[in-house]
Amino acid sequence: MDEQDDLGLDDNDFEPHPLFLTNANPGILMPDNYNSFDFLRLWRWCKQQGQLKDIRGTPRNELSIADLTRPRVTYENLKGDECDIQGINWEHLGVTRGAARKCRAKTFRNYTNIPESDAWNPSIPDRLLTRNENYFRFRNMDLRTDVRLLHFQLRNIMGCASRTAVYYPSVNGTVRMVDPTSGIIKTAMRFKNAEDASVSTLAAETGILATGSFYGTYRYRPIDTEDESRYYDGRLTEHISGITNHIQVNSSRRSSVPQAAFASNDYGFRIVDLARNETILNRMYDWALNCTALNPDKRLRVMVGDLPEILITEAETGKILQKLEGHRDYGFACDWAPDGWTVATGNQDKSIRIWDARNWKDSVTVIRSEIAGVRSLRFSPLGSGKRLLLAAEEADVINIVDAQTFNSKQTFDIFGELAGVSFTSGGQEVVALSSDPVRGGVLCLERCDRGAEDTFNYTGTPGYDWFPTPREVVEHPGSGVSMIEKRRQAALAEDFFF
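These figures come from a predicted structure and were not determined experimentally.

(A) Geometry of the sheet that holds strand β11 (residues 232–235). Across the sheet, which stays open at both edges, the four strands sit in the order β8-β9-β10-β11 with antiparallel pairing between neighbours. Strand pairing shows two members of the sheet lacking a second neighbour, β8 (199–205) and β11, which therefore form its edges. Across the sheet, the axes of successive neighbouring strands diverge by a mean angle of 15°, strand direction being ignored.

Shown next, in the form of structure tokens:
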């Protein structure tokens, strides 16, 4: 039985979210585009005005999209336009899913800070990749109407500690944990006051669940205990614009002590020693920082923020070593690959740039996103098989890019804002969070291209996994898999080439 929440409602009941939160005023901090229900209303209105003539059908029965009679959708439930991965019955709505996707592409507006930065023209190097790969397949989606997204530009509010523990901030002022394997949901963190409960970023890494708030505060606890005496709190800044934009939790370079790196909207970057709950670095920059990522040996850090350039800094001091040029708008996503030199950055100009740390002069390639800027990037973990890059756009589209060639990809699409994406189960599963107030929730994908088990047959293919041979992969400290496990996987797959 699911735990009862603070509002006195069972988690199987979908508490009364302020349903239709479409933002008509871009001056406030909510998404500027339409949620799934209002999108259908917009489609009908456009048709009544004689617009969208090239799109077949006009929606009807729009209110039925809010009827969550099936709170969990599984692979077995899929039935074309009668039931998609969000459980939407497009036939009942009187349109096809394909027509809805076409309409969404025409009506969606990508947010930019620099006008026309996302405009396409033949002179830019951006490449739209071929969508012909098949790395993952849909497993299930747990529909939730209670995901709380406080800032439309900040999409790192999901923490994934394991395949059975996904965390997100709820509209009832708590952090909730959902088990995607069972659908069971419970409260994972409570807060002392409304300020602390205004979660703007969240991480579940290195055995720590940590949150940062809209008002410059943070709270954390060990993942393996729910004892409230093990909760720790702190304040990063008193600044009026002290929004905590991003957290990354990692162990210290010199010990196993956990540290949290906080990027803030007051132009500050702080590192907190979580063993002592003490700030050990407080460095100010000339721009707000929106996302940071540490390299595998923990000596360098990539930073993106309210500037088009990318910052490469010393991890322990924050000293700027390089400023990388090429993006045309502000940045909100970055990650550093397990090989130590591949870096990905995502900006509001609808581009992903790939960089090589051995030569920072120019980006290796530039990838065009589908409908919006990329706001969450994750490289596949070491030992997971063919190297991949997850790139979640502001809404709707999750790209899974071939990180060996950067020439092709697989895409999954839903209808709704995306609030985070992550690999789990050693890279064999993907979890994504949608904050749509009508058809949001936790989406789970499972690998279907053999994944880790085919890593015994790639020694002649440079760049397949993040290191040249399977033995180098398993012997690396960052690997989450042993040679015995790889041999077992290979045997089960009848792949005996190693």
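(B) Here's a closer look at the sheet that holds strand β4 (residues 159–162). A sheet is described by the order of its strands in space; here four strands give the open sequence β4-β5-β6-β7, paired in antiparallel fashion. Of all the strands in the sheet, just β4 and β7 (185–189) have a single pairing partner and so form its edges. Taking each pair of neighbouring strands and ignoring which way they run, the sheet shows an average axis angle of 30°. As paired elements, strand β6 (residues 175–178) and β7 share four bridges and run antiparallel to each other.

(C) Region of the structure containing the state of the cysteines. One pass over the structure, following the stated rule, counts zero disulfides. Looking at the unpaired Cys 46, the closest cysteine sulfur is the one in Cys 103, lying at 6.4 Å. On the basis of relative accessibility, which here comes to 6%, the residue Cys 46 falls in the buried class.

(D) Quick peek at the packing of aromatic side chains. Counted by the stated rule, this structure contains 11 aromatic pairs. Pairing Tyr 111 with Phe 152 gives two aromatic rings, centres 4.7 Å apart and planes at 75°, and the pair type is edge-to-face. Taken together, the residues Tyr 111 in the loop between α2 (97–107) and β2 (130–131) and Phe 152 in the loop between β3 (136–143) and β4 connect sequence positions 41 residues apart. In this structure Tyr 111 comes out as partly exposed when scored by relative accessible area, which is 22%. Site record: aromatic cluster; members linked through ring pairs are Phe 39, Trp 43, Trp 90 and Phe 415.

(E) Just unusual backbone geometry, in detail. With a phi angle near 55°, Asn 61 is a residue other than glycine that sits in the positive phi range. Along the polypeptide, Asn 61 turns up in the loop between α1 (36–48) and β1 (72–74). The phi dihedral of Thr 206 falls on the positive side, at around 50°, and the residue is not glycine. Along the polypeptide, Thr 206 turns up in the loop between β8 and β9 (208–213). Of the residues examined, Thr 206 reaches a relative accessible area of 45% and is grouped as partly exposed.

(F) Molecular detail of the environment of Asn 193. Along the polypeptide, Asn 193 turns up in the loop between β7 and α3 (194–197). Asn 193 sits 20 residues away from Gly 173 along the chain, and the two C-alpha atoms are 9.0 Å apart. A polar contact of 3.2 Å, which involves the side chain of Asn 193, links it to the backbone nitrogen of Glu 195.

(G) Structural view of the nonpolar core. One finds Phe 136, Ile 400, Leu 443 and Leu 445 to be the most contacted residues of the largest nonpolar core, which totals 23 residues. Sorting the residues of this core by element identifies β3, β25 (388–393), β26 (395–402), β27 (408–424), β28 (429–434) and β29 (441–447) as the ones contributing at least two each. Counting residues per element, this core draws most heavily on β27, at five residues. For Leu 443, the residues in contact, after removing those within four places along its chain, are Ile 85, Phe 138, Asn 140, Met 141, Ile 398, Ile 414, Val 430, Val 431 and Ala 432. Among the nonpolar cores identified, the runner-up in size contains 19 residues, and Ile 367, Leu 377, Val 401 and Trp 466 belong to it.

(H) Looking closely at the side chain of His 327. Within the fold, His 327 resides in the loop between β19 (320–324) and β20 (331–336). Residue classification places His 327 among the buried residues on the basis of a relative accessible area of 7%. Within the structure, His 327 has its side chain in polar contact with the side chain of Thr 345 (distance 2.9 Å). Reaching out from His 327, the side chain makes a polar contact with the side chain of Asp 349 at a distance of 3.2 Å. Excluding residues that lie within four positions of it along the chain, His 327 makes contacts with Pro 308, Ile 310, Thr 345, Asn 347, Asp 349, Ser 351 and Arg 353.

(I) Fine view of the packing of α1 against α2. The N-to-C vectors of α1 and α2 enclose an angle of 85°; their axes lie 11 Å apart at closest approach. Compared by their axis directions, α1 and α2 come out roughly perpendicular. Contacts from Phe 39, Leu 42 and Trp 43 in α1 reach Ala 99, Ala 100, Cys 103, Arg 104 and Thr 107 in α2. Its residues assigned to classes, the contact of α1 with α2 comprises six nonpolar, one polar and one charged.

(J) How the structure looks around the pattern of salt bridges. Under the definition given, this model contains 37 salt bridges. Here Arg 139 makes a salt bridge to Glu 429, at a shortest N to O gap of 2.9 Å. Here Arg 139 is found in strand β3, whereas its partner Glu 429 is found in strand β28, with 290 residues between them in sequence. We note that Arg 139, like Glu 429, is buried. The shortest N-O distance in the salt bridge between Glu 394 and Arg 375 comes to 3.5 Å. Highlighted residues: Glu 394 in the loop between β25 and β26 and Arg 375 in strand β24 (residues 374–379), separated in sequence by 19 residues. The pair formed by Glu 394 and Arg 375 is uniform in burial state, with each residue classed as buried. Several salt bridges share partner residues, and in doing so they unite Asp 84, Arg 97, Arg 101, Arg 104, Asp 396 and Asp 413 into one network.

Calculation criteria
Residues numbered from 1 in each chain as written. Predicted model: local features only at pLDDT ≥ 70, side-chain atom pairs only at ≥ 80, totals over all residues. Heavy atoms only, no water. Pairing = 2+ DSSP bridges. Helix = DSSP H or I, 4+ residues; strand = E, 2+ residues; numbered from the N terminus. Axes fitted to C-alpha atoms, helices over the stretch in contact; angles between N-to-C directions. Disulfide = S-S within 2.5 Å. Buried < 20%, exposed > 50% of the residue type's maximum accessible area, 1.4 Å probe, protein only. Phe/Tyr/Trp six-rings, centres within 6.5 Å; stacked < 30°, edge-to-face > 60°. Polar contact = N/O pair within 3.5 Å; in protein donor to acceptor, adjacent residues only side chain to side chain. Core = buried A, V, L, I, M, F, W, Y, C linked by side-chain atoms within 4.5 Å. Contact = heavy atoms within 4.5 Å. Parallel < 35°, antiparallel > 145°, perpendicular 65-115°, else oblique. Nonpolar A, V, L, I, M, F, W, Y, C, P; charged D, E, K, R; others polar. Salt bridge = Lys/Arg side-chain N within 4 Å of Asp/Glu carboxyl O.

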